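# Understanding the architecture of this molecule
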Amino acid sequence: MARKRRESDWLERRNERALARFSAALPESFPTPVLHHALSRAWTPELPSRAVESYWRAHPLRADRLARALAARSGAPAGWSWRCDEGESFRTPPAPYRDATFTRGPGHCCICGQPVFRFGWHRALATGEAPSRRTRWHGACVAAWKFWLAPSDQIRLLKRIQNRRCAVTGGRLWRDAEVDHRVPLFRVWREHRDTAWPELLAFWGVSNLQVVNRDAHVEKCAAEAGYRANSRQPPRPPRYTAERLILILRGE
Ligand SMILES: [Zn+2]
C-alpha cells in the first residue's frame with residue numbers, strides 16, 4: 001500500500017515537471033484534440049511533438065484516413081508506377097515520395113508528399129508559418145504507416161468496430177481471431193497494381209481489413225493458396241493445333 005502511494009506520488013511529481021516543460025514549449029495555437037489527449041494521459045508528454053505522436057498512436061484509424069486524404073492531394077508523381085524490386089515485398093504499401101527519384105525534399109512528408117509543419121502537424125499552426133524543413137513525416141502518416149504494415153497490432157480496435165463478430169461467419173469473435181486483408185495483398189499486386197496512387201493505399205487501410213476467427217481464416221487462406229497455385233500454372237497448350245484440326249475435319 002505504502003509502495004503504491006510512493007509510486008503515485010512520484011508519478012504526480014514527474015507529471016508536474018513534464019507539464020511545466022510542455023506548457024513552456026506550447027505555441028500560442030495548438031490543436032485542441034491533441035491538447036485534450038495530452039492532458040488525459042497517465043504520463044503527461046514533455047514536448048508538444050511527443051503529444052502529437054501520442055495522439056496519432058492512439059487514433060490509428062483516423063491517421064489512416066488522414067494520410068490517404070493528404071496523399072490524394074499530392075497524387076502520384078509523373079512517371080511513377082508501383083514496382084517491387086528484388087528484396088522488396090508487395091506487402092509494403094507503395095509510397096512514391098519515399099523514393100529518392102520522386103522525393104519532394106525537406107519540409108515534405110515522405111509518405112503523402114504534402115508539407116509538414118511544426119511538431120509533424122499537417123497544417124500550419126500559425127498564419128504564415130512555413131513548413132518545417134527538419135521533419136520528414138507527418139505524425140499522422142507515421143501512425144498510418146505503422147498501421148498499414150502491422151494492422152494486427154490494432155486487433156482490439158478492429159474487433160470493436162466489428163462489434164466483436166467474425167467478418168466471415170458472423171459468429172462471435174474468439175480469442176484466437178486474426179486480422180485479415182479482405183482482398184489479399186498478393187492479389188492487390190497481381191490484379192490491382194495499375195490502380196492509381198493513392199487509391200491503391202485503400203487496400204492497406206481499414207476498409208480492406210477484417211477480423212475473422214482462426215478456423216474461418218485458415219479456410220480462407222487455403223482457398224487463397226489454391227487460387228495462387230492455379231493462377232501460377234502456365235496456360236495449357238491447346239489440344240490440337242489449327243493444322244491438326246483441319247486434318248481431322250478432312251478425315252485424314
Ligand atoms: Zn504525410
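Definitions and cut-offs
- Residues numbered from 1 in each chain as written.
- Predicted model: local features only at pLDDT ≥ 70, side-chain atom pairs only at ≥ 80, totals over all residues.
- Helix = DSSP H or I, 4+ residues; strand = E, 2+ residues; numbered from the N terminus.
- Rg over C-alpha atoms; globule rule 2.2 N^0.38 Å.
- Buried ≥ 20, exposed ≤ 12 C-beta atoms within 10 Å, placed from the backbone.
- Contact = placed C-beta atoms within 7 Å.
- Axes fitted to C-alpha atoms, helices over the stretch in contact; angles between N-to-C directions.
- Left-handed = near helix turned anticlockwise from the far one by under 90°.
- Nonpolar A, V, L, I, M, F, W, Y, C, P; charged D, E, K, R; others polar.
- Core = buried A, V, L, I, M, F, W, Y, C linked by C-beta atoms within 7 Å.

## Thoughts on the overall build of the protein chain
In terms of regular secondary structure, the protein chain is built from nine helices and two strands. Put simply, the protein chain runs from its N terminus to its C terminus through helices and strands in the order α-α-α-α-α-α-β-α-β-α-α. Its C-alpha atoms give the protein chain a radius of gyration of 25 Å, clearly above 18 Å, the size a compact globule of 252 residues would have. Over its C-alpha atoms, taken along the principal directions, the protein chain stretches across nearly 100 × 50 × 30 Å. In the protein chain, buried positions account for 27% of the 252 residues. Long-range pairs, those at least 24 residues apart, make up 62% of the contacts in the protein chain with a sequence separation of at least 6.

## Remarks on the packing of helix α3 (residues 48-58) against helix α5 (residues 139-149)
Contact pair α3 / α5: the axes reach a minimum separation of 9 Å and the direction vectors enclose 40°. With respect to the hand of their crossing, α3 and α5 are arranged in right-handed fashion. Here Val52, Glu53, Trp56 and Arg57 of α3 come into contact with α5, specifically with Gly139, Ala140, Val142 and Ala143. Residues of the contact of α3 with α5, tallied by class, amount to five nonpolar, one polar and two charged.

## Things to note about the nonpolar core
Within the largest apolar cluster, 33 residues are counted, with the highest numbers of intra-cluster contacts made by Ala63, Ala67, Ile111, Ala140, Cys141 and Ala144. Those elements that place two or more of their residues in this core are α2 (32-39), α3, α4 (60-74) and α5. The element best represented in this core is α5, accounting for eight residues. The contact partners of Ala63, leaving out residues within four places of it in the chain, are Trp56, Ala140, Ala143, Ala144 and Phe147. One finds Leu158, Ala167, Val206 and Val211 within the second-largest nonpolar core, a separate group that totals ten residues.

## A word on unusual backbone geometry
Cis geometry is adopted by the peptide bond preceding Pro198, which originates at Trp197 and carries an omega value of 10°. By secondary structure assignment, the location of Pro198 is in the loop between α7 (185-191) and β2 (209-212).

## Focus: α5
Most of α5 is tucked away, with nine of its eleven residues classed as buried. What α5 keeps buried is the set Gly139, Ala140, Cys141, Val142, Ala143, Ala144, Trp145, Phe147 and Trp148. Those residues of α5 that are buried are in contact with α3 and α4.

Remember that the coordinates give geometry; whether it matters functionally is a separate question.
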